[in-house]
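Descriptive analysis of the structure
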Amino acid sequence: MKLAVNGGEPVRTRPWPQWPWGDEKEREALHRVLDSGVWGIGSPEIEAFEREFAEFCGAKHAICVSNGTVSLMIALKAMGVGAGDEVIVPAYTFLATAMAPLLVNAVPIFVDIDPDTYCMDPNGVERAITERTKVIIPVHLGGHPADMDSIMAIAERRGIKVLEDAAQAHGAEWNGKRVGSIGHMASFSFQSSKNVSAGEGGAVLTNDDALYEAAWSYHNCGRVIGGRWYEHYLPGANHRLSGWQAAVMRVQLTRLEELNRKRMESAAYLDRKLAEIPGIKPLVRAPQATAHAYHLYILRYDAKQFGGASREAFVEALNAEGIPASLGYTPLYKLPAFANPSVLRCPLGCPYYDGPIPNYGELHLPVTERACSTEGVWLFHNLLLAEEDDLADIVRAVEKIHENIGELVNRRK
């Protein structure tokens, strides 16, 4: 059967489940805010969502903020991170994880990832710690929790704080404990693609009262809880969320567990079926990952088993067959932002920073580079909300490409 990328009939032409989506419940919630006359600060929807989301995650406090980058930045500020400090981050993640330290004048230190889960490698963390290390930011990549046992043990032993980047991991668990409640602080995103979405938005979580009060102040123009409106104690800004967004997310949160169960069932089906195809190896779900949010379903592609066809050619062919797929991230240290001396003069040129200035251009983290250049292939979580017959189309498309790989190889010559 001729590959669709060469003009053949695609395996699938039907649409996949839409994301994000809402129904009358979201409309009712928005009307409730409209009728209340309180659309922003002071909206009971914000307070209610903060309480409900904290409870869902098993954390004491939650603060709604404008987006996931801001939530990371505010958490770092609350933990006292600033000029002269280092923050350890994985190199395989969205830009925000490493940009947040720069936004508080700290230095991001990149470490490699585990080859089976693509989450932060605790061994790399241990090696990267210096006397300047203030915070570790593990990323629960694609909804799979990082190895929080190892990371928390390292942090406790070295007197370092942990900020969980849970932007892709709403409802994920490590050893039965929800992410967002394990580290000293946590950051979530509610951007359009996320498993709980309001278009934009974020949240900071913590069990620590002092960290909560500091983060609350930074997100609300430097005010203090219970203080006067025009008294400002910290250099904060308006990073607040609106009542509209909070109301929508209250509804979204009620669906999350059910939808995550569906995602996990679909991922288990794909794990079984795709692993039977030579050259395809799904990422491993660690036994400690008692719940996986599957914001992303990630495959490891072996070009040798596909006649030497590149990962780019495979993804192009997969898309042509009607299966939306992505190449995913670039190693963060290879992005132009980290090669621009004028942008990085502070913090790297800051007199408070007495460490060796990182030359990001010379960094080489082999697992990250393999994931980004030859191996990693992403499928998005909305596909996992489809029925098993639909998921079978993913399997059929990969099988079709493997069976007709000569077409793809010759097309590239």
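Some points on the overall build of the chain
The helix and strand inventory of the chain stands at 13 helices and twelve strands. Taken along its principal axes, the extent of the C-alpha atoms in the chain is 70 × 55 × 40 Å. Counting every position in the chain, which comprises 413 residues, the buried fraction comes to 58%. With the model as given, the accessible surface of the chain reaches about 17300 Å², and the carbon-plus-sulfur share is 51%.

Here's the deal with the side chain of Thr133
For Thr133, the location among the structural elements is in strand β4 (residues 133-136). A polar side-chain atom of Thr133 sits 2.9 Å from the main-chain amide nitrogen of Thr130. Filtering out sequence-adjacent residues up to four positions away, Thr133 remains in contact with Glu86, Ile88, Ala128 and Ile160.

Regarding the packing of helix α3 (residues 68-78) against helix α4 (residues 95-103)
Running from N to C, α3 and α4 cross one another at 45°; their axes reach a closest spacing of 9 Å. Comparing their axes, α4 and α3 come out oblique. Like other packed secondary-structure pairs, α3 and α4 cross with a definite hand, here right-handed. Mapping the contact onto sequence places Thr69, Leu72, Met73 and Leu76 in α3 and Ala96, Thr97, Ala100, Pro101 and Leu103 in α4. Taken together, the residues of the contact of α3 with α4 break down into seven nonpolar, two polar and no charged.

Quick notes on the packing of helix α2 (residues 44-57) against helix α8 (residues 243-274)
Where α2 contacts α8, the two axes come as close as 8 Å, and the packing angle between them is 30°. Judged by the inter-axis angle, α2 sits roughly parallel to α8. Where α2 crosses over α8, the handedness of that crossing is left-handed. Contacts between α2 and α8 pair Glu45, Ile46, Ala48, Phe49, Glu52, Phe53 and Phe56 from the former with Gly243, Ala246, Ala247, Met249, Arg250, Leu253, Leu256 and Glu257 from the latter. Of the residues that constitute the contact of α2 with α8, the class distribution is ten nonpolar, one polar and four charged.

Re the packing of aromatic side chains
With the rule as written, the count across this model stands at 17 aromatic pairs. Their ring planes at 45° and their centres at 5.0 Å tell us that Tyr301 and Phe306 sit as a pair that is tilted. By the burial criterion, Tyr301 is buried, and Phe306 matches it. Aromatic side chains Tyr329 and Trp378 sit 4.7 Å apart centroid to centroid with 85° between the ring planes, which places their arrangement in the edge-to-face category. One end of the pair, Tyr329, is in the loop between α9 (311-320) and α10 (341-348); the other, Trp378, is in strand β12 (residues 376-380), with 49 residues separating them in the sequence. As far as burial versus exposure is concerned, Tyr329 and Trp378 are alike and both buried. Of the aromatic side chains, those joined through ring pairs into one cluster are Tyr92, Tyr118, Tyr329, Trp378 and Phe380. Its guanidinium or amino end placed over the ring of Phe56, Arg178 lies 4.0 Å from that ring's centre, counting from NZ or CZ. Above the face of the Trp229 ring, Arg223 is positioned so that its terminal group lies 3.4 Å from the ring centre.

Concerning the environment of Gly183
In this fold, Gly183 is placed in the loop between β7 (177-178) and β8 (185-189). With relative accessibility at 10%, the residue Gly183 sits in the buried group. In the structure, Gly183 is positioned 24 residues away from Asn207 in sequence and 8.9 Å away in space, judged by C-alpha atoms. Excluding residues within four positions of it along the chain, Gly183 makes contact with Met148, Met152, Val162 and Glu164.

Examining a nonpolar patch on the surface
Together, Ile41, Trp229 and Tyr230 give the surface a local cluster of nonpolar side chains, amounting to about 380 Å² of exposed area. One can find Ile41 in the loop between α1 (24-36) and α2.

Examining the side chain of Ser43
Looking at the secondary structure, you find Ser43 in the loop between α1 and α2. Leave out the neighbours within four places in its chain, and Ser43 touches Val38 and Gly243.

Let's talk about the pattern of salt bridges
A full pass over the atoms with the stated rule returns 27 salt bridges. Glu312 is paired through a salt bridge with Arg311; the nearest N and O atoms lie 3.7 Å apart. Looking at Glu312, the relative accessible area reads 37%, which means it is partly exposed. For Arg311, a relative accessible area of 4% corresponds to the buried category. Taking the shortest distance from any N to any O, the salt bridge between Glu369 and Lys334 comes out at 3.9 Å. Of the two residues, Glu369 sits in helix α11 (residues 366-375) while Lys334 sits in the loop between α9 and α10, which places them 35 residues apart along the sequence. On the basis of relative accessible area, Glu369 is assigned to the buried category, the value being 15%. Owing to a relative accessible area of 48%, Lys334 belongs among the partly exposed residues under this scheme. Several salt bridges converge on common partners, so that one network encompasses Arg12, Arg14, Asp390, Asp393 and Arg396.

Observations regarding the sheet that holds strand β10 (residues 280-282)
Read across the open sheet, the three strands follow the order β10-β11-β12; overall the sheet is antiparallel. In this open sheet, the two strands that pair with only one neighbour each are β10 and β12. Sheet twist, expressed as the average angle between the axes of neighbouring strands with direction ignored, equals 30°. Two elements, β10 and strand β11 (residues 296-301), share three bridges in a ladder whose sense is antiparallel.

Rules behind the numbers
Residues numbered from 1 in each chain as written. Predicted model: local features only at pLDDT ≥ 70, side-chain atom pairs only at ≥ 80, totals over all residues. Heavy atoms only, no water. Helix = DSSP H or I, 4+ residues; strand = E, 2+ residues; numbered from the N terminus. Buried < 20%, exposed > 50% of the residue type's maximum accessible area, 1.4 Å probe, protein only. Areas by Shrake-Rupley, 256 points an atom, 1.4 Å probe, with all protein chains shown as cover. Polar contact = N/O pair within 3.5 Å; in protein donor to acceptor, adjacent residues only side chain to side chain. Contact = heavy atoms within 4.5 Å. Axes fitted to C-alpha atoms, helices over the stretch in contact; angles between N-to-C directions. Parallel < 35°, antiparallel > 145°, perpendicular 65-115°, else oblique. Left-handed = near helix turned anticlockwise from the far one by under 90°. Nonpolar A, V, L, I, M, F, W, Y, C, P; charged D, E, K, R; others polar. Phe/Tyr/Trp six-rings, centres within 6.5 Å; stacked < 30°, edge-to-face > 60°. Lys NZ or Arg CZ within 6 Å of the ring centre and 35° of its normal. Patch = residues over 30% accessible without salt bridge, like charges linked within 9 Å, V, L, I, M, F, W, Y side chains within 5 Å. Salt bridge = Lys/Arg side-chain N within 4 Å of Asp/Glu carboxyl O. Pairing = 2+ DSSP bridges.

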